[in-house]
Amino acid sequence: MDSFSNFLFMRSEVSLLVVILALLVFDLTAGKRGMRYFQPIAIILLAIHTILHLLPHEAGIAFGGMYTYTPMAGVVKTILNIATLIIFLQAEAFNSERMSNKKGEYYFLTLVTLLGFYFMISSGHFLLFYIGLEMASIPIATLAAMEKQSKRSAEAGAKYILMAAFSSGIMLFGISYLYGTTGTLYFADMPALISANTLQIMAFVFFIAGMFFKISLVPFHLWTPDVYEGAPTNVTSYLSVVSKGAAVFALALLLYRVFSNIIEQWQSILYGLIIISITLANLFAIRQKNIKRFLAFSSISQAGYIVLGIIGGTPFGMTTLVYYIFVYLFSNLAAFGVITIIENRTGKVNIPDYKGLYSTNPRLSFVMMLSMFSLGGIPPFAGFFSKFFIFAAAMEQGFYILVLIAVINTIISLYYYLLVVKAMFIDKNEHPIPSLRTDSYNKASLIFCTAGILLVGIFSIFMEKIELFSFAMIQ
Amino acid sequence: MDMDYTLLILLLPLCSFLFIGLSGTKLKPAVAGIVGTLSLTAVTLLSYYTAYDYFSSQNISGVWQTLTPYNFTWLHVGEKLHIDLGILLDPISVLMLVVISTVSLMVHIYSMGYMKGEKGFQRYYAFLSLFTFSMLGLVLATNIFQMYIFWELVGVSSYLLIGFYYTKPAAVAASKKAFIVTRFADFFFLIGILVLSYFTQTFDFEALLIGDGSILSGAMGSTFIGASALTWAMALIFIGAAGKSAMFPLHIWLPDAMEGPTPVSALIHAATMVVAGVYLVARMFPIYIGFTPEVLQGIAYGGAFTAMFAAVIAIVQTDIKRVLAFSTISQIGFMMVALGVSTSMQLAEHEHGGLGYMASMFHLFTHAMFKSLLFLGAGSIIHAVHSNEMADMGGLRKYMPITHITFLIACLAIAGIPPFSGFVSKDEIMTAAYGFGTGMGIWMTITAGLTAFYMFRLYYRIFWNKEYEVHGGHLPHESPRSMTIPLMFLALLTLVGGFIPFGKFVTADHTQYTIHLDTTIAIISVVVALAAIGLATILYRKENDQPARLAGRMQGLYKAAYHRFYIDEVYQFITKKIIFNGISRPFAWFDRHVIDGAINGLGWITTRTSEAVKGFQSGSVQWYAWVFLFATLLITFLTILFTH
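Only a predicted model underlies this, so the values are computations on that prediction, with no experimental measurement involved.

Thresholds, definitions, all that
- Sequence positions are assigned chain by chain, starting from 1 and proceeding in written order.
- Chains carry letters from A onward and ligands carry numbers from 1 onward, assigned in written order.
- Local features are withheld for residues below a pLDDT of 70 in this predicted model, meaning they are given only at 70 or higher, and side-chain atom pairs are given and counted only at 80 or more; totals for whole chains, interfaces and linings count all residues.
- Under the definition applied here, buried Ala, Val, Leu, Ile, Met, Phe, Trp, Tyr and Cys residues are grouped into a nonpolar core through C-beta atoms within 7 Å.
- Three exposure classes are used. Buried residues have 20 or more other C-beta atoms within 10 Å of their own C-beta, exposed residues have 12 or fewer, and partly exposed residues fall in between, all C-beta atoms being placed from the backbone.
- Helix numbering and strand numbering both begin at the N terminus, where a helix is a DSSP run of H or I of at least 4 residues and a strand a DSSP run of E of at least 2.
- Placing a C-beta atom from the backbone of each residue, one calls two residues in contact when those atoms lie within 7 Å.
- Throughout this entry, Asp, Glu, Lys and Arg are counted as charged residues, while Ala, Val, Leu, Ile, Met, Phe, Trp, Tyr, Cys and Pro are counted as nonpolar. The remaining residues, Gly among them, count as polar.
- Known as pLDDT, the predictor's confidence for each residue is given on a scale from 0 to 100.
- Note on geometry: axes are C-alpha line fits, over the in-contact stretch for helices, and angles between N-to-C directions span 0 to 180 degrees.
- Angular relationships are summarised with four words: roughly parallel below 35 degrees, roughly antiparallel beyond 145, roughly perpendicular across 65 to 115, and oblique for the angles in between.
- A helix is expected to reach a length of 1.5 Å times the quantity of its residues less one.
- Note: crossing handedness is left-handed where the near helix turns anticlockwise from the far helix by less than a right angle, and right-handed where it turns clockwise.

Draft legend 1. A look at the nonpolar core. Core analysis: the largest hydrophobic core is formed by 207 residues, its most contacted members being Val281 and Val337 of chain B. For this core, the element with the highest residue contribution is helix α16 (residues 355-385) of chain B, accounting for 18 residues. With residues up to four places along the chain from it excluded, the contact list for Val281 of chain B reads Phe238, Ala241, Tyr288, Ile299 and Leu339 of chain B. Within the second largest apolar cluster, 175 residues are counted, among which are Ala73, Leu254, Tyr354 and Leu375 of chain A.

If you want it as structure tokens, here you go:
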């Protein structure tokens, strides 16, 4: 393969790069008046990119195995694209001077992190993997700190960059030991050289700790609530959906492809982490007043559920994992969409402020309710199906007690999700949030999410399509 | 695929529900009504065409074929089991299509007049469409799980319609009661489905019903408390059917459901939803007859008891809609009896084992027509005099001639007077019942006599008896055209319905059969009916004190029947006294003191712990890094320890 066709094979990355460069050029050349159209232009370009690469193409490798492509990775990229698109629709906060006097930066940086995730997912070599990871995390720190006047936002950015650097350090340490003991960094060559000896287990755990940091499993989650709360809400939703989704998928790929020899070890690690993640995050979530902090803990516990899909080590588990991410995208972004709208207009972010929301904003309350139902796993909404399948995948491999604990935790989580619904619909409030107007971008994003919550579960085609690609991915 | 246009029958009402429902009050009331009625007209025409098409083309050497124009897999459950959504056409589903669409269309048209000016007119039409959609989905189901889904949807839409006047506490209570009672029965239905599918590994009707029954052998083989799993499954499924069809002792919701708008009663509580149970038994008939005849016999006895029981209650009710409600319960009892007394699938000149099945379906059809006519007639009367009580009526024949004549036709039909439709279908049921046993035959004949008596008591008390007392200064008058046209149409169907060669179309084994009357039984039935009508004429045609004296003489029975034999009170006693005091109280105590105590304790511990480990989530990055590193080292250590 000559280098040209190598690049051609990476067409989704190249096309995203084109979008990024186009936006960069526009940002530099457009005057003050042109800048007003930044949001629609970014949305349109990303939408075109999404549609062009909607369905995955055939599997293969490029650059001698540095870059590998599987249809499943293509599906995940599409899911990340859709999530980013919805987040862009909700990005009205970046239209105001409060955030940045150059609004282009937001779109540009977000798409750069997305490109990083692309590389992470499609890498066939630890170097490319690490580059992708860093490419994704450094701009996120900038994004978190984007609200210039806010001390909390700056704090969130600083915390994120410090913790990310720390975790990268640990991860690199692990990778270097892996290289030292195997003599290669190619994913394809490594499995045969990895066994359960002490040095490699240490290297593995150090490496994987960095991934747990990204997914924010307990006890690597400590940064999550602070950063989620401090960062602009739009960035928080990006962190909670795109960053988490990509990292989980990358983790699953590595565990399946590289570390398949030490499956017993990583299964028991995940076993423990799932239980403490789901349980502790639930217990903390109950006590939260700030809705962003609340969703931070909710997302930690959701991460525990997502990892349930990995633990079985089967293609079906992979299917359910991707499906879960897909469903979670709609449910979580619906909630964040409503929060963004309310925060931007009233500055209110506490759950008690939401009391009586139904009387003034019935539609927003309705969307929020659907989102909470879906996150809590109430049938017939999509969240029920994703939980159901992921439990089925774990049960299939005999993790009965783990699933039982997860189910009990689902009931606990229902309690706090319904607390939000209760606040909106039942609790009385003398001065509820006034009736709010939303622009059409936000409306479109909420309609999109609502449709996802209602339809993805009921129409089995989504699950079947994902299943179609999952068998090809584990050779 | 053959007859694939049948999909439209399901899609049209769904679309009109979504359209009317989502438009809400943005739509003008009249537009909502017209949209709903037009879509239903199309559905009705399509149903008629389906019936025509099916009955003219799907007969291969004298046997009606079973078609599935659509069937797609909706969900996979395990290896073999899958849940499908589809359309199944066979004689009974086509029959139900015609019945449901006809009555629903009549109710749609009628409601334009009856509900005019009501608040929530659009909502009403949206719910009507939803109900029609669910009911059609139920009868067209290709598998028992799809049937169950639509079964529940029917329950929900019925709940919404009964509680339409949601500002009226009685309506809200009635809708809740109907929902809870039928839901309770559905729970057993679901267990029955799960047991059945666990053993057979399929939900599909065709797989279950057609074939030599080898698929059922697993269920036959395993026993539970003295009966085979199959017997249990089929009995549980029947409990579900009994709940929807208001069989004793699950009938208590139906009389209260009369709080809903009267056209709704005509649609749901006369012609469609309440016969869903009969339809379910008919659908599963091959299994009942072939493998669990003991359950089928139970159905016969249960139906016979219900028929008589409800008829006795109907005699003394004074609310005209409640009389009709109990009459419906009684008539459904007739249909269940007819199914229950069947002894085989066959029906031919010398083999009458399957006569009951045909009779039951026939009666379902004729009953749907004359009972919805009765309900719509009652609605017309209530519309005119603004009361449900017989005491406020009397002498209405002069003011409402069309309502009067059509109501009389329906009364004659239900009483079983030739040549009205009810006579023919009821006669077939009688023949089947006498074939089963003379005792059963006599019991049903007495019930039929009671039917004739209470119907004519109702008729005379409304239209004859005393002169109408004018209150409020205006005389009752005939209802508008939109209400009388459906009445006349249904009366026409009641007149000619009996002449349909029904046996040619619907029989248990899908062969063709020519109906003929059993002269002896026909004569006995007619004589009993005429005698009962005569008695009713003597007692109620003119206002007199005979009925009151009679009631006085049989005070105990009268009071008991008036209070519906205290069944509601029994339920009250069981739920309030036994369940609440005996079970719920201790649980409540346990909940309050032990669970709450534990939760509060947990909360206290959590608060204390979080106070103690506040530093854990301190906001200090150095600390976060320490935890990170420590956790990594701990996991490494544990994993290595675990490996070696």
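Draft legend 2. Highlighting the interface of chain A and chain B. The partner chain B presents 18 residues to the 24 residues of chain A that form the contact. Those elements giving two or more residues to the side of chain A that touches chain B turn out to be α8 (151-182), α9 (198-215), α10 (223-230) and α12 (263-286) of chain A. Broken down by class, the residue content of the side of chain A that touches chain B amounts to 17 nonpolar, five polar and two charged.

Draft legend 3. Looking closely at the confidence of the model for chain B. The predicted model of chain B has a mean per-residue pLDDT of 82, with 90% of residues at 70 or higher. For this predicted complex, the interface confidence score (ipTM) comes to 0.87, while the overall pTM stands at 0.62.

Draft legend 4. Structural context of the environment of Phe309 of chain B. All names here are of chain B. Residue position: Phe309 is located in helix α14 (residues 293-316). Overall, the presence of 23 C-beta atoms within 10 Å leaves Phe309 in the buried class. Expressed as a C-alpha distance, the spacing of Phe309 and Phe326, which sit 17 residues apart in the sequence, is 9.0 Å.

Draft legend 5. Molecular detail of the packing of helix α3 (residues 91-114) of chain B against α16 of chain B. All names here are of chain B. Closest axis-to-axis distance for the α3/α16 pair is 10 Å, and the angle between their directions is 5 degrees. Between α3 and α16, the crossing angle belongs to the class labelled roughly parallel. Across the interface between the two elements, Ile92, Leu95, Val99, Val103, Met106, Tyr110 and Tyr114 from α3 touch Met361, Phe365, Ala368, Ser372, Leu376, Gly379 and His383 from α16. When the residues that make up the contact of α3 with α16 are grouped by side-chain class, the tally is eleven nonpolar, three polar and no charged.

Draft legend 6. Seen up close, helix α5 (residues 71-89) of chain A. Helix length check: α5 of chain A (19 residues) gives 27 Å between terminal C-alpha atoms against 27 Å at 1.5 Å per residue, within 8%. The buried fraction of α5 of chain A is high, at 16 of 19 residues.

Draft legend 7. How the structure looks around unusual backbone geometry. The linkage connecting Pro379 of chain A with the following residue, Pro380 of chain A, adopts the cis geometry, with an omega of 5 degrees. A cis amide bond links Pro418 of chain B with the next residue in sequence, Pro419 of chain B, at an omega value of 5 degrees. Considering the arrangement of structural elements, one finds Pro419 of chain B in the loop between α17 (401-415) and α18 (421-436). Positioned with a positive phi, Ser216 of chain A is a non-glycine residue whose angle comes to about 60 degrees. With respect to the helices and strands, Ser216 of chain A occurs in the loop between α9 and α10.

Draft legend 8. The arrangement of the environment of Thr511 of chain B in detail. Residue and element names in this part refer to chain B. Along the chain, Thr511 turns up in the loop between α20 (481-496) and α21 (519-540). Look at Thr511 and you get partly exposed, because 18 C-beta atoms sit within 10 Å. Setting aside chain neighbours within four positions, we find Thr511 in contact with Gly62, Val63, Leu347 and Ala348.

Draft legend 9. Structural detail: helix α13 (residues 291-311) of chain A. Residues and elements named next belong to chain A. Over its 21 residues, α13 extends 30 Å from the first C-alpha to the last, a length consistent with the 30 Å expected when each residue adds 1.5 Å. With 21 of 21 residues buried, α13 is to be regarded as a mostly interior element. The positive-phi residue at the C-terminal boundary of α13 is Gly313, with phi of around 70 degrees.

Draft legend 10. Here's a closer look at the packing of helix α6 (residues 169-200) of chain B against helix α9 (residues 229-244) of chain B. All names here are of chain B. Running from N to C, α6 and α9 cross one another at 155 degrees; their axes reach a closest spacing of 7 Å. Classified by the angle between their axes, α6 and α9 sit roughly antiparallel to one another. For the pair α6 and α9, the crossing hand works out as left-handed. For the contact of α6 with α9, the per-class residue count stands at 18 nonpolar, four polar and two charged.

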